[in-house]
Amino acid sequence: MALVVEFIDPARLPLGIPYKYMEQRIDEVDVNNFYYKYTTFEGGVLSKGYKCIVIETKIDIKGSGCVVKFNVHFHPLLGTEISDEEAVVKMSQAKSGILVKTLEEYLLASPQALA
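What counts, and where the lines are drawn
Residues numbered from 1 in each chain as written. Predicted model: local features only at pLDDT ≥ 70, side-chain atom pairs only at ≥ 80, totals over all residues. Heavy atoms only, no water. Phe/Tyr/Trp six-rings, centres within 6.5 Å; stacked < 30°, edge-to-face > 60°. Helix = DSSP H or I, 4+ residues; strand = E, 2+ residues; numbered from the N terminus. Buried < 20%, exposed > 50% of the residue type's maximum accessible area, 1.4 Å probe, protein only. Pairing = 2+ DSSP bridges. Salt bridge = Lys/Arg side-chain N within 4 Å of Asp/Glu carboxyl O.

This part takes up the packing of aromatic side chains. Considering all chains together, one arrives at 2 aromatic pairs under this definition. Between Tyr36 and Tyr38, the aromatic rings sit 5.3 Å apart at their centres with planes inclined by 40°, giving tilted as the arrangement. Arranged with centres 5.4 Å apart and planes meeting at 45°, the rings of Tyr50 and Phe74 form a pair that is tilted. Here Phe74 lies in strand S5 (residues 65-76) and Tyr50 lies in strand S4 (residues 50-62), a separation of 24 residues in the sequence. We classify Tyr50 as buried; its relative accessible area is 5%. Using a relative accessible area of 27% as the deciding quantity, one classes Phe74 as partly exposed.

Below, the structure written as structure tokens:
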């Protein structure tokens, strides 16, 4: 069962990320299917000419491990030409890597969470 949430999170980013903050809205959480969708709508990479960035995360259980899939949808402002796309992708990958590492640490410390 999917849960649609309207929650705004002013995320403070760790060192190494080139932005000070991002505001995000959780769009959908489907616990049973390990799916999470959120939108970044202020701060961060949006200063580079984006209206918003929508990120979908899906975790597929495979044997004794899992495969994490990310779909990132960039929505540029009208009339904006994006020339720094590689930096945007690198920032998204870094943030996604932090999410995966945090999730991995939690699951290793709490294996009953998947029971």
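Once the structure has been displayed, the description carries forward.
The backbone phi angle of Phe34 is positive, close to 55°, even though this residue is not glycine. The topology assignment puts Phe34 in the loop between strand S2 (21-30) and strand S3 (35-43).

All right, on to the pairing of S3 then. In this structure, S2 lies alongside S3, joined through 8 bridges in antiparallel fashion. Looking at the pairing, Arg25 lines up with Thr39 of S3. Counted between consecutive antiparallel strands, the loop separating S2 from S3 contains 4 residues, among which Phe34 sits at a positive phi close to 55°. Relative to S4, S3 runs antiparallel, the two being bridged by 6 bridges. The partner of Thr40 across the bridge, within S4, is Ile53.

Let us look at the pattern of salt bridges. One pass over the structure, following the stated rule, counts 3 salt bridges. Taking the shortest distance from any N to any O, the salt bridge between Arg25 and Asp27 comes out at 2.7 Å. For Asp27, a relative accessible area of 15% corresponds to the buried category. When the shortest N-O distance is used, the salt bridge between Lys69 and Asp60 registers 3.1 Å. Since its relative accessible area comes to 46%, Lys69 is described here as partly exposed. Where salt bridges share partners, they join Lys58, Asp60 and Lys69 into one cluster.

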